[in-house]
Amino acid sequence: MLEVSNIDVFYGKIQALWGVSLRVDQEEIVALIGANGAGKTTLLNTIGGSLRPASGNVMFLGKKIAGLALPAIVESGIAHIPEGGKPFPDMSVRENLEMGAYPYRAWTRKEETLKQVYHIFPRLRERERQLARTLSGGEKQMLAMGRGLMSKPRLCLFDEPSYGLAPIILLELFRVIKSLREQGLTVFLIEQNVRHSLEIADRAYVMENGRITSEGKSKELLQNDHIKKAYLGL
Amino acid sequence: MIVEILDIVIAGLLLGGLYALIAMGLSLQYGVARVLNISHGEFIMLGALGAWFLFGFGVNPLVSLAICGPVTFIIGFLLYRTVFTRLRTSSASIGAYEGSSMLASFGLLFIIQSIALIAWGSGIKGYTYLAFPVNVGGALFAANRLVALAFAVFLGLVFYFFLVRTRLGKAIRAAAQDPATAGLMGVNINQVLALCFGLGAMMAGFAGLLISICYPVNTTMGLEYTIITIIVVVLGGLGSIPGSFIGGFILGLIGSIVTYLEPGLSLAAYYVLFMLLLLVRPTGILGK
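Residues numbered from 1 in each chain as written. Chains lettered and ligands numbered in written order. Predicted model: local features only at pLDDT ≥ 70, side-chain atom pairs only at ≥ 80, totals over all residues.

Student: Teacher, can you tell me more about the sheet that holds strand 9 (residues 203-208) of chain A here?
Tutor: Residue and element names in this part refer to chain A. Spatially, 6 strands are ordered 6-7-8-3-9-10 in an open sheet, and the strand pairing comes out mixed. If you trace the sheet from one side to the other, it starts and ends with strand 6 (78-81) and strand 10 (211-217), each paired once. Looking at each pair of strands side by side, their axes are set apart by 15° on average, direction ignored. Looking at chain direction, strand 9 and strand 10 are connected through 6 bridges and run antiparallel. Looking at the pairing, Val 206 lines up with Ser 214 of strand 10. Those strands touched by helix 1 (residues 40-48) are strand 3 (29-33), strand 6, strand 7 (155-159), strand 8 (186-191) and strand 9, and its axis lies near 150° from that of strand 7. (Pairing = 2+ DSSP bridges. Helix = DSSP H or I, 4+ residues; strand = E, 2+ residues; numbered from the N terminus. Axes fitted to C-alpha atoms, helices over the stretch in contact; angles between N-to-C directions. Contact = placed C-beta atoms within 7 Å.)

Here you go:
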């Protein structure tokens, strides 16, 4: 479904990603784990269209998307849920969700999608009229996820969904991410919280200093000595 | 006494309605497109002179609204796409962009004004439209002023509902709050910013046209209105559209009271208010 092949990405003259390749199949949950500054967000921004690779290719549903403008990438069915959620602070919860349905193909069906999102996150329905700035950290993340789903995506990109959340809310949100697959969605998430992301992901890639250093089934990576030492503190 | 108060209040509302419309336009240009547009008054002048010019061909000023509005919108939109989009992408930071875009708008002021001077000269221009008096609770007003107030309030409200209710209006507000995240929603940011600049120019054009119905106009009228607009926008709270609407009416009322007491002092009173505001509450009425 998503295929990244051999991309290099630069910030000015500084190279941030070196020949990165990875693949995400239909209805799979794939995690990219790594330390702060490893280049995970850079990769996500490149797939999502905010950055352009200097070389290499990104294919989505058989079409080249590297170098396309952001609106075209969103229109093609990719939802990007940024780190910290970043809801629009001075808009109500409902307006934030409506903004998620901005692509034309989603806008016409937004009432129906809104019902589904409220079904997944009843808390958002309760807070429908509240301004997003008044929500708690967990609610903001829920709102961002709901807003992403409003665009009727095929693929969801999550940037650090666990960022700054209390453990109990984190578990709830990860359960939701896992359940997205049952609705035919594919998930690619980047995380520093290695244990929790490996528990919900089918496969994972490990990124260090802008390169993919290992990959495999999540279960196998959880047993890997290097991963245990470097990321799980065992 | 009551008639005098009514006289002052209604005159203040008339002035305030025009200020509100102009300030909402600048608020959009500064609050979303991040251009503190010093040439805002020139679009007011274009609307005013455009209406006067068309009146010479027998076009009813209210019909001219439907011509001057779209024309000022297109000029604003194209200026943003050709000048400001380029400045934005080449600026290192949003602060640098605000500085360079303001300087560019200074240049636009002189360019637009000079072209208008060549085309129309510097003389004072006016025309007579709906000049008969109307009695409002004992105070007499020219009908054209009441029509101008009604249209200013109507256009202000239409614009407000456009921002609150429509898909595009929501995209504009989202882009004002967080342009990067609005981009992730699929909003074409360059397009939306140009749209905001164009809509701001259109509000100025509408206001200029309504001004020309009530007062004599000329090609160098713009700068004074730009200064008044900046005062209203700061009074209402930078970037707050409802703040600009309310601020416009407040300044209009103050202007009307001062004009009643001492006709020459209204602009001076605006400056005093502006300085006090910067000292006491620089964020304005609805600012954060």
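Student: Sorry if this is basic, but what is going on with the interface of chain B and chain A here?
Tutor: By a widely used convention, the size of an interface equals the accessible area lost when the partners come together. At the interface, 14 residues of chain B touch 20 residues of chain A. Of all the secondary-structure elements, those providing two or more residues to the side of chain B that touches chain A are helix 6 (167-177) and helix 7 (179-184) of chain B. Considering each element in turn, the side of chain B that touches chain A owes the most residues, 6 residues, to helix 6 of chain B. By residue class, the composition of the side of chain B that touches chain A is 5 nonpolar, 5 polar and 4 charged. (Nonpolar A, V, L, I, M, F, W, Y, C, P; charged D, E, K, R; others polar.)

Student: Would you mind going over the environment of Ile 120 of chain A with me for this structure?
Tutor: As for its position among the elements, Ile 120 of chain A is in helix 5 (residues 110-120). With 113 residues separating them along the chain, Ile 120 of chain A and Ile 7 of chain A place their C-alpha atoms 36 Å apart.

Student: Explain the pairing of strand 1 (residues 2-11) of chain A here, please?
Tutor: Walk down a regular strand and you will see the side chains alternate between the two sheet faces. Residue and element names in this part refer to chain A. In the sheet, strand 1 pairs with strand 2 (residues 14-24) via 7 bridges, with the strands oriented antiparallel. Paired with Ile 7 across the bridge in strand 2 is Val 20. Where strand 1 folds back onto strand 2 in an antiparallel hairpin, the turn is made up of 2 residues, including Gly 12, whose phi is positive at roughly 65°. When strand 1 meets strand 4 (residues 55-60), the two strands line up antiparallel, connected through 5 bridges. Residue Asp 8 lies in a different strand from strand 4, and its bridge partner there is Ser 55.

Student: I keep staring at the confidence of the model for chain B and nothing clicks. Help me out?
Tutor: Residues shown with low pLDDT carry predicted positions that ought not to be read at fine detail. All names here are of chain B. The pLDDT averaged across chain B works out to 93; a share of 100% of its residues lies at or above 70. Taking the mean pLDDT of every element in chain B, the minimum, 84, falls on strand 2 (residues 139-142) and the maximum, 96, on helix 2 (residues 40-55). Across the predicted assembly, pTM comes out at 0.89 and ipTM at 0.90. (pLDDT = per-residue confidence, 0-100.)

Student: Where do I start with the packing of helix 3 (residues 61-90) of chain B against helix 8 (residues 189-214) of chain B in this structure?
Tutor: How two helices sit against one another is set out by the angle between their axes and by the gap between those axes. Residues and elements named next belong to chain B. Running from N to C, helix 3 and helix 8 point in directions that differ by 145°, and their axes come no closer than 7 Å. Crossing of helix 3 against helix 8: the hand is right-handed. Taken together, the residues that form the contact of helix 3 with helix 8 break down as 19 nonpolar, 9 polar and 1 charged. (Left-handed = near helix turned anticlockwise from the far one by under 90°.)

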